[in-house]
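Structural characterization, general
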Amino acid sequence: MKLSDLVNQVVQDVPEAPLLSIREMLSRMARELCTEADAWVQRGEPVVVAANTDYPEVVASQGEPLRIVSLTLDGRERVQGDGFQQPAPSVIEFDRKPKESLIYGRLACRPLYGEMPPEEVVSRWSEVIADGARWRLLLLPQPWRDPELATYYQKRFLAGVADARQYSRLGHARGGARVKARRLI
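Not measured: the values here are computed from a predicted model.

The rules behind these values
- Residues numbered from 1 in each chain as written.
- Predicted model: local features only at pLDDT ≥ 70, side-chain atom pairs only at ≥ 80, totals over all residues.
- Heavy atoms only, no water.
- Axes fitted to C-alpha atoms, helices over the stretch in contact; angles between N-to-C directions.
- Helix = DSSP H or I, 4+ residues; strand = E, 2+ residues; numbered from the N terminus.
- Parallel < 35°, antiparallel > 145°, perpendicular 65-115°, else oblique.
- Left-handed = near helix turned anticlockwise from the far one by under 90°.
- Contact = heavy atoms within 4.5 Å.
- 1 Å grid on protein atoms, 1.4 Å probe; cavity = no way out; pocket = protein on both sides within 12 Å on 5 of 7 lines; lining within 4 Å.
- Points joined across faces, edges and corners; volume = space filled by probe spheres on them.
- Nonpolar A, V, L, I, M, F, W, Y, C, P; charged D, E, K, R; others polar.

**Considering the packing of helix H1 (residues 3–13) against helix H4 (residues 126–139)**
Viewed as axis vectors pointing N to C, H1 and H4 meet at an angle of 40 degrees, and their least axial separation amounts to 10 Å. Taken together, H1 and H4 sit at an angle that is classed as oblique. The hand of the H1/H4 crossing is right-handed. Between H1 and H4, the contacting residues are Leu6, Gln9, Val10 and Asp13 on the first element and Ser126, Glu127, Ile129, Ala130, Ala133, Arg134 and Leu137 on the second.

Given below as structure tokens:
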């Protein structure tokens with residue numbers, strides 16, 4: 001799904017809004033989705049450069065780095081707290097200096113201001129991004145303002161963010177966090 005398709009979806013619910021405002025709101029809500037839910041995770045690319053120096057750096061091939069999901073250190077996949085810490089988005093501290101200069105892993109990213117995430121992220125979470133844009137547009141102090149409808153789209157956006165967060169943590173697993181109680185004998 002492309003940005004123009006998303007604009008066409010949103011313009012049906014907020015027809016008086018200028019197209020430029022809709023585009024800007026869509027990119028803003030895509031950035032917020034990626035920030036809150038780790039919807040965009042880069043895999044199979046170098047995450048840390050100059051790891052064996054005193055100033056290692058977290059880099060993203062596209063977008064802006066947020067959080068390291070995991071790194072491959074000494075042939076093992078490790079998460080934060082197991083050999084490294086990430087005090088800031090582009091800063092990393094290792095417990096022991098690695099031997100490699102480039103370290104691969106999984107890195108959660110978000111798009112730069114005014115840009116959209118990759119096509120696969122947009123197509124998967126297009127409805128959530130569109131709901132967020134509708135929510136924000138309907139709250140603007142303009143003739144199309146509708147706070148009640150904005151509340152509806154806000155709830156849908158927040159539910160979509162929760163789904164995206166669960167998906168990023170659990171992968172393709174389905175189901176909730178509820179457990180069926182054991183039968184009392």
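Next comes the rest of the account.
**Examining the layout of surface pockets**
Each pocket or cavity is described by its volume, and for the largest pocket that value is around 450 Å³. Every residue lining the largest pocket is counted, 22 residues in all, and those nearest its centre are Asp38, Ala39, Val41, Arg43 and Ser168. Elements supplying a minimum of two residues to the lining of the largest pocket: strand E1 (40–49), strand E3 (64–73), helix H3 (119–124) and helix H5 (147–170). Split into classes, the residues belonging to the lining of the largest pocket amount to 11 nonpolar, 4 polar and 7 charged.

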